[in-house]
Each structure stands twice: as structure tokens, then as C-alpha cells.
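Each chain, letter by letter, is given below.
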Amino acid sequence: MSLSPKTPLPVIVLTGFLGSGKTTLLNRLLDQGPRTAVLINEFGSTPVDQALIERQDIPLMTLSGGCLCCQMRGALAPVLKNLRLAWENPRSPRFDRIVIEASGVASPEPVLDTLLRDRWLASRYHLQAVIAMVSVPAAEEQLGRFPEARAQVAWADVLVLTHTDQANAEEMVRLAVRLDELAPATPRLVAVQGVIDPETVLAPVAPDNRRLPQGQELPDHGFRSVSLYLSAPIPWPRLQTVLEDLLAQHRSRLVRVKGVVRLSDRSEPVIVQAATGRLYPPVPLPARASDDGLGRLVFIAAGAVHELAEELMAAVGGIAVPDAIRLH
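Below you will find a few notes about this structure. (Residues numbered from 1 in each chain as written. Predicted model: local features only at pLDDT ≥ 70, side-chain atom pairs only at ≥ 80, totals over all residues. Heavy atoms only, no water.)

**Examining the overall build of the chain**
A tally of regular secondary structure across the chain gives eleven helices and 14 strands. A total of 328 residues make up the chain; the buried ones form 52% of that total. When contacts within the chain are restricted to residue pairs at least 6 apart in sequence, long-range pairs at least 24 apart make up 76% of them. Surface summary for the chain: the accessible area is close to 14400 Å², and the carbon and sulfur share equals 52%. (Helix = DSSP H or I, 4+ residues; strand = E, 2+ residues; numbered from the N terminus. Buried < 20%, exposed > 50% of the residue type's maximum accessible area, 1.4 Å probe, protein only. Contact = heavy atoms within 4.5 Å. Areas by Shrake-Rupley, 256 points an atom, 1.4 Å probe, with all protein chains shown as cover.)

Laid out in C-alpha cells, this is it:
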């Protein structure tokens, strides 16, 4: 597909609560179809998601340090304007669409407000689809506790249900009832073992006349993060014990763990992730020239994190770098 200088660039907004599978779908979108630029919004002050993108040969930008519905709200429009101006330069790398991966704790309303209300952006970008990922085993609790999770569902053009293999029939039924309340007309698709056809996800037709967000300031959602930097490889049994203990002790507050670390029995870095109290096995990540050898883990909690930070330093202080713990 070749776009003329006056053609609005399609934008896909990828949303969903923490640990719902956004990056997995993003990697599939990048394997399929048009050349894509990616804008990742991370809540914590330590960027991690960029390292989880399988393709590194694309325009890839990260907005970290806050989510686009609060601390980073004013940052989106300038980035999109600069991206469009660069796209119009014949010497710049070409791409045919943009994917915005919103922070898992963000309501999509300010993103949509920026894309639809800013006249300069609205004439140069076309909001193709808002895709919300919903992790079935965690959805009932998340939709009940967090207004951000409900907003992600309510504003979506299509819902992708994930981790269905970890859910039972009763959970599927309860979720269907809840989604009937929040988004009764929104198409629902199921990712099987994390696999779904991107073309199927983008097939539902988005409305021509979208309702506009009210544009009001959203209240502070109360999420905080702790970033941990490790200077040396760590044995997996030790790290596994530390993380499982933290997940058990802070079950109601610790909503997400993600990072890239080096283990003492592997030559390549690994991805470490946990969500809703569950720690997943480490996944190997191809070594890259940009690797600096440091391990990075981000812990996102609903509420204060000082106690969590103290426990982390007590557990791994021997292999942490100076100033290893950073709060956000």
C-alpha cells in the first residue's frame, strides 16, 4: 500500500489491562500486513516493553514515566505531529500505519480525545480501530476493582479474550454477563493459546461517527511502580522464590511484574512476567547489540510501594546496582 502525502494515516489503539496480552498481539500485527510504526506508552519509569517487540527494524518510540491518561497526557499530540511531519519527508523511513500500545493502567479516553479533537491530527490520522485485550481469568476482579479496565472495554471496537485455556466454564459465563453490561454490541474474539489472526481482529467495521470523550481530567488512579536494576545474572530458583513470595504477600496490590533479566544458567536474556498473582515461566529473548547487560524488573502496584521496595532490596541487594530501586 502506498499512501499519498494527503492521505490520513491509519491508527490502531491497542489497549487492555496489565498482563492481558497486548504485546503478544502487537507482535502478530507487526508480522502481518502494512509497514508499521509503533508508539508504546509504559507506566513505569523504566522502559521494558520495547525489548519485548520481536521486530526492531521499525520506527519504535516509547513514552515512559506515566500513562497517557494522566502524567503523559500532553505528550501524545507532539509525538504524533512530529511523526507525521517525518513521514511526509521523502528521506524518512516509510510506514503505512501506526499502532499505539497504551499503558495497561490507562483509560483510552485521552488517547481518543487527542486523535479525534485535535484538528491538525484529525485531518492527518484516521482512527482505524480500538482493540481491547481482556484476560478471562483476571477480568472479573479487574473489571470490578478498576475503572480503567471498564473504560478499556467500553471504548473498544473489538474485544479479544485471552488466556481462555486458564479459565473454567463458570468464569467464561460470568465474564460474558459482565461484558453484556459494559459493551453489549462490541464484537468478541477469542485468542487460542495466545494465537489469533490479526486480519480477523481488524475485520469488524469501526463506526464512522464515533462518540467523543468528554475531554475532562481523570482522577489519579493511584497506581505506583518500583523499578529494580540488577548488575549480574541471578539463579532462576532464587528469583522465582523472591517473586512468588512478593506475589503472595502483596496479592491484592501487586498487579503486574515484567522485565528482562539474565539468569546464571543461560547465555541469553529472558523475559520475566507475572500478573494477577501468577508468575509465568521465563521466556528466552534473542540477544541484541543494544543490550547493556543489566537486568530490569518493573513492579506495578495499586497503592503505596515503599514496603515493596524495601523487601526487594533485602532480597536481591547483593547483586543490585547502585541506586537499584527507583520509585514512580
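**Quick word on the sheet that holds strand 6 (residues 158-162)**
Taking strand neighbours across the sheet as the criterion, the seven strands line up as 3-2-4-1-5-6-7 in an open arrangement whose pairing is parallel. Both edges of this open sheet fall to strand 3 (60-63) and strand 7 (188-190), since each of them pairs with a single strand only. Each strand axis lies, on average, 20° off the axis of its neighbour in the sheet, ignoring direction. Relative to strand 5 (residues 125-135), strand 1 (residues 9-16) runs parallel, the two being bridged by eight bridges. (Pairing = 2+ DSSP bridges. Axes fitted to C-alpha atoms, helices over the stretch in contact; angles between N-to-C directions.)

**Examining the pairing of strand 6**
Sheet faces and side chains relate simply in a regular strand, where the side chains alternate between the two faces. The buried fraction of strand 6 is high, at five of five residues. Across the two faces of strand 6 the burial is the same, with Val-158, Val-160 and Thr-162 and Leu-159 and Leu-161 all buried. Judged from the three bridges that link them, strand 6 and strand 7 form a sheet pairing that is parallel. Directly across from Leu-161, in strand 7, lies its bridge partner Val-190. Once the chain exits strand 6 it traverses helix 8 (residues 169-182) before rejoining the sheet at strand 7, and the crossover so formed is right-handed. (Right-handed = clockwise from strand over helix to strand, strands pointing away.)

**Section: helix 11 (residues 306-316)**
Because an α-helix completes one turn every 3.6 residues, residues spaced three or four positions apart along the sequence face the same direction. Looking at helix 11, one finds that the buried residues are Leu-308, Ala-309, Leu-312 and Val-316. Down the axis of helix 11, the buried side of the element spans an arc of 100°, and every buried residue falls inside it. Away from its buried face, by an angle of more than 90 degrees, helix 11 presents the exposed residues His-306, Glu-310 and Ala-314. (Arc of directions from axis to C-beta.)

**Examining unusual backbone geometry**
For His-163, which is not glycine, the phi torsion reads 55° and is therefore positive. Along the chain, His-163 turns up in the loop between strand 6 and helix 8. Residues other than glycine seldom take positive phi values, yet Thr-276 does so here, at roughly 50°. Within the secondary structure, Thr-276 sits in the loop between strand 10 (270-275) and strand 11 (278-279). A residue is classified by how much of its surface remains accessible, and Thr-276, at 29% relative accessible area, is partly exposed.

**Here we look at the pattern of salt bridges**
As enumerated under the stated definition, the model contains twelve salt bridges in all. Here Glu-140 and Arg-174 are joined by a salt bridge, their closest N and O atoms 2.8 Å apart. You can see Glu-140 sitting in helix 6 (residues 136-145) and its partner Arg-174 sitting in helix 8, a full 34 residues away along the chain. The class of Glu-140 is partly exposed, set by a relative accessible area of 47%. Exposure remark for Arg-174: the relative accessible area of 33% places this residue in the partly exposed category. Notably, a salt bridge pairs Arg-174 with Glu-170, separated by 2.7 Å at the nearest N-O pair. One end of the pair, Arg-174, and the other, Glu-170, are both in helix 8, four residues apart, so they sit about a helical turn from each other. (Salt bridge = Lys/Arg side-chain N within 4 Å of Asp/Glu carboxyl O.)

**Considerations on the nonpolar core**
Ranked by internal contacts, the top residues of the largest apolar core, which has 28 residues, are Leu-175, Phe-223 and Ile-300. Considering every element that reaches this core, the biggest residue donor is helix 6, with three residues. Residues in contact with Leu-175, not counting those within four places in the same chain, are Val-134, Val-136, Ala-139, Leu-143 and Leu-161. In terms of nonpolar packing, the next biggest core, distinct from the first, is built from 26 residues, Leu-254, Val-257, Val-261 and Ala-301 among them. (Core = buried A, V, L, I, M, F, W, Y, C linked by side-chain atoms within 4.5 Å.)

**As for the packing of aromatic side chains**
Each aromatic ring pair is characterised by the separation of its centres together with the angle its planes make. In this structure the tally under the stated criterion is three aromatic pairs. Between Phe-17 and Phe-146 the ring centres are 4.9 Å apart and the planes differ by 15°, which places this aromatic pair in the stacked class. Of the two residues, Phe-17 sits in the loop between strand 1 and helix 1 (22-31) while Phe-146 sits in the loop between helix 6 and helix 7 (147-154), which places them 129 residues apart along the sequence. The buried category is assigned to Phe-17, whose relative accessible area is 2%. On the basis of relative accessible area, Phe-146 is assigned to the buried category, the value being 7%. Taken together, a centroid distance of 5.2 Å and an interplanar angle of 45° make the contact between Phe-146 and Phe-223 tilted. Of this pair, Phe-146 sits in the loop between helix 6 and helix 7 while Phe-223 sits in strand 8 (residues 223-230); the two residues are 77 residues apart in sequence, bridging distant segments of the chain. Its relative accessible area of 1% is what places Phe-223 among the buried residues. An aromatic cluster of three or more residues is present, and its members are Phe-17, Phe-146 and Phe-223. (Phe/Tyr/Trp six-rings, centres within 6.5 Å; stacked < 30°, edge-to-face > 60°.)

Bear in mind that shape data such as this cannot, by itself, settle questions of function.
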